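So you can see what is in the structure, the chains are spelled out below.
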Amino acid sequence: MPGFAHPTAPGADPRPAALRTLLALAVVFVMLATTGWTAVHRPEGGTPLRATALAAWGKARIDGRPVPDADAPVRTVARFFASLDGAQQARLADGYPLVVGNLDGAPAAIRYRANLRGLQQARRVEEARSHDVALTPADREAATRRSHRFASLIEPGRRILAFDPTGGGRVAEVFGDLDRAERISVIVPGVDTDLITFERTQRRLTSPVGMAESLYEAQRAAAPEQRTAVIAWAGYTAPAGVGMDAATGRMAFDGAVRLKSLAAALPGDASVALFCHSYGSVVCGVAARELPDRVTDVVVAGSPGMRASSVEGLHTSARVWATRDEGDWIADVPHLEVGGVGHGADPVSPEFGARLLSSARARSHTGYFAPGTDSVDNFAKIGTGAFSSVVCATGDDVCRRGISGAEQD
């Protein structure tokens, strides 16, 4: 959707372009000096469960029929599972949980079943590793933490849509009834997201689970009769810390492939809104041009950039919304791209053309999903289609213009 003119956003960067360019180059130099290019490529750790499962899946048959490739297109996977009866689907889920649980296109209920089995299997492995005296104390402690996380994820009532224990791990969880939802929201988180940080007891709202729970509760309060679902999606390998991985787009491009697959595989015909935080907004920006039409809204909060110079450059039919708290340190990150480092224009700048949302009371970079903030209230309204009550950053109706029935105060 084309951008539109609106007043200068609060907190917009007034510094001349030349100064910003020099600052960007200085940041690049500091990153190279302190982290080194080797920080871009991190070795994979953890157990080889997924690799073993993929090898077995490559030879699998169900009543004499070959199964689709683990990386087969969503439509191919969907057609294959639609041709199976319930018992056949369950046999595949139980026999190859770490593959079936991650197959975009497989029914959600079968993926939940598979991921329960996969988590139970991975927990047994990590429990054994936690007592293995051949491992270092640090490795045993890491295994203990992973075992505890897996135990939490298999608690009754949880719906785990994806689970891969490889390396730092990938995981996604559904809140609400995904199959019956009229509207679906997807949380796309930023740096330092993995299996361990997927949920937190302390600083709960900085984790994907905390963000999703808060948004789901806000949506139920805003539209109690509407069937909604929220997905906490840590389905890509995110950068660890604010180093070269976070400053480049390599991980975002890999994440975008996975995000597009997720969006294409969601059941039913519900509209979809993406809520992309920090580096997650880079992932959403890269994915934007190839997202299915059912993705009607892309919302970025605390964004370092979307790898585009404007909304038009995203080449998406979705509405693009942006917000940033006045105290968010991300405002001081140069919104430029120099030699592959940096993520481009500032999404809250007037020139970018996004619809600017209020984030009052969000309190810095990690507070956008806190209850009582304008940001999470706005996210809930977008996620439920209540555009007429969205609060714009400029205090008027400019961010709602062009949306049918949403321009009245």
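All values reported here derive from a predicted model rather than from experimental measurement.

Asks: What exactly am I supposed to notice about the pattern of salt bridges here?
Replies: Once the charged atoms of two side chains with opposite charge are near each other, the side chains can pair. Taken as a whole and judged by the stated rule, the model has 20 salt bridges. In this structure, Asp94 and Arg117 form a salt bridge, with 3.2 Å as the shortest nitrogen-oxygen distance. Remark: Arg117 occurs in helix α6 (residues 108-129) and Asp94 occurs in helix α4 (residues 86-95); sequence separation between them is 23 residues. With relative accessibility at 34%, the residue Asp94 sits in the partly exposed group. With a relative accessible area of 28%, Arg117 lands in the partly exposed category. The partner of Arg149 in a salt bridge is Glu199, with the nearest N and O atoms 3.2 Å apart. Of this pair, Arg149 sits in helix α7 (residues 137-153) while Glu199 sits in the loop between β5 (183-188) and α8 (208-222); the two residues are 50 residues apart in sequence, bridging distant segments of the chain. Glu199 matches Arg149 in its accessibility class, with the two residues each being buried. The network of salt bridges with common partners includes Arg149, Arg158, Glu173 and Glu199.

Asks: Sorry if this is basic, but what is going on with the pairing of strand β4 (residues 170-176) here?
Replies: A regular strand carries its side chains on alternate faces of the sheet. In terms of burial, β4 is a largely internal element, 7 of the 7 residues being buried. When strand β3 (residues 159-164) meets β4, the two strands line up antiparallel, connected through 5 bridges. Bridging from a neighbouring strand, Arg159 pairs with Val174 of β4. Summarising the sheet, β4 and strand β6 (residues 228-234) pair through 6 bridges and their orientation is antiparallel. What sits directly across from Gly176, in β6, is Ala229.

Asks: Honestly, the packing of aromatic side chains in this entry has me stumped. Any pointers?
Replies: Centre-to-centre distance and the angle between the planes together describe a pair of aromatic rings. Under the definition given, this model contains 7 aromatic pairs. Centre to centre, the rings of Trp233 and Tyr236 are 5.7 Å apart; their planes meet at 20°, and the pair counts as stacked. Assessed through its relative accessible area of 1%, Tyr236 is described here as buried. In this structure an aromatic cluster arises from ring pairing among Phe275, Phe369 and Phe379. The ring centre of Phe387 lies 4.5 Å from the NZ or CZ of Arg319, which sits over that ring. In this arrangement the basic side chain of Arg355 is found over the ring face of Trp321, its NZ or CZ atom lying 5.7 Å from the centre.

Asks: Got a minute to help me understand the side chain of Ser152 in this structure?
Replies: With respect to the secondary-structure elements, Ser152 resides in helix α7. We classify Ser152 as buried; its relative accessible area is 16%.

Asks: Could you clarify how one ought to interpret the packing of α6 against α7 in this entry?
Replies: For any two helices packed against each other, one specifies the crossing angle of their axes together with the interaxial distance. Look at α6 against α7: their axes get within 8 Å of each other, and the N-to-C directions meet at 155°. In terms of orientation, α6 and α7 fall into the roughly antiparallel class. Where α6 crosses over α7, the handedness of that crossing is left-handed. Here α6 contributes Leu119, Ala122, Arg123, Glu126, Glu127 and Arg129 to the contact with α7, which in turn contributes Arg140, Ala143, Arg146, Ser147, Phe150, Ala151 and Leu153. Classifying every residue of the contact of α6 with α7 gives 6 nonpolar, 1 polar and 6 charged.

Asks: What exactly am I supposed to notice about the environment of Ser130 here?
Replies: By secondary structure assignment, the location of Ser130 is in the loop between α6 and α7. Residues Ser130 and Ala143 lie 13 residues apart in sequence; the distance between their C-alpha atoms is 5.0 Å. Residues contacting Ser130, with those up to four places away along its chain left out, are Arg140, Ala143 and Thr144.

Asks: I'm lost on the nonpolar core in this one. Help?
Replies: One recurring pattern in soluble globular proteins is that nonpolar side chains are buried together. Phe81, Leu92, Phe275, Trp321, Phe369 and Phe379 are the most contacted members of the largest nonpolar core, which has 59 residues in total. Looking at this core, the element that brings in the most residues is α8, giving 6 residues. Apart from the residues lying within four places of it in its own chain, the contact partners of Phe275 are Ser185, Val186, Ile187, Val188, Leu215, Val299, Phe369, Phe379, Ile382 and Gly383. The next biggest cluster of nonpolar side chains, apart from the first, holds 50 residues, and it includes Leu259, Ala322, Ala354 and Leu356.

Asks: In this structure, what is going on with the state of the cysteines? I would like to understand it.
Replies: Covalently bonding the sulfur atom of one cysteine to the sulfur atom of another cysteine gives a disulfide. Following the criterion strictly, the structure yields 2 disulfides and no others. Cys276 shares a disulfide with Cys284; S-S distance 2.1 Å. Looking down the S-S bond of the Cys276 and Cys284 bridge, the torsion is -90°, so its handedness is left-handed. Exposure class is identical for Cys276 and Cys284. Each is buried. The residue that forms a disulfide with Cys392 is Cys399, at a sulfur-sulfur distance of 2.0 Å. When the S-S torsion is -80°, as for the bridge of Cys392 with Cys399, the disulfide is left-handed. Exposure remark for Cys399: the relative accessible area of 1% places this residue in the buried category.

Calculation rules
Residues numbered from 1 in each chain as written. Predicted model: local features only at pLDDT ≥ 70, side-chain atom pairs only at ≥ 80, totals over all residues. Heavy atoms only, no water. Salt bridge = Lys/Arg side-chain N within 4 Å of Asp/Glu carboxyl O. Helix = DSSP H or I, 4+ residues; strand = E, 2+ residues; numbered from the N terminus. Buried < 20%, exposed > 50% of the residue type's maximum accessible area, 1.4 Å probe, protein only. Pairing = 2+ DSSP bridges. Phe/Tyr/Trp six-rings, centres within 6.5 Å; stacked < 30°, edge-to-face > 60°. Lys NZ or Arg CZ within 6 Å of the ring centre and 35° of its normal. Axes fitted to C-alpha atoms, helices over the stretch in contact; angles between N-to-C directions. Parallel < 35°, antiparallel > 145°, perpendicular 65-115°, else oblique. Left-handed = near helix turned anticlockwise from the far one by under 90°. Contact = heavy atoms within 4.5 Å. Nonpolar A, V, L, I, M, F, W, Y, C, P; charged D, E, K, R; others polar. Core = buried A, V, L, I, M, F, W, Y, C linked by side-chain atoms within 4.5 Å. Disulfide = S-S within 2.5 Å.

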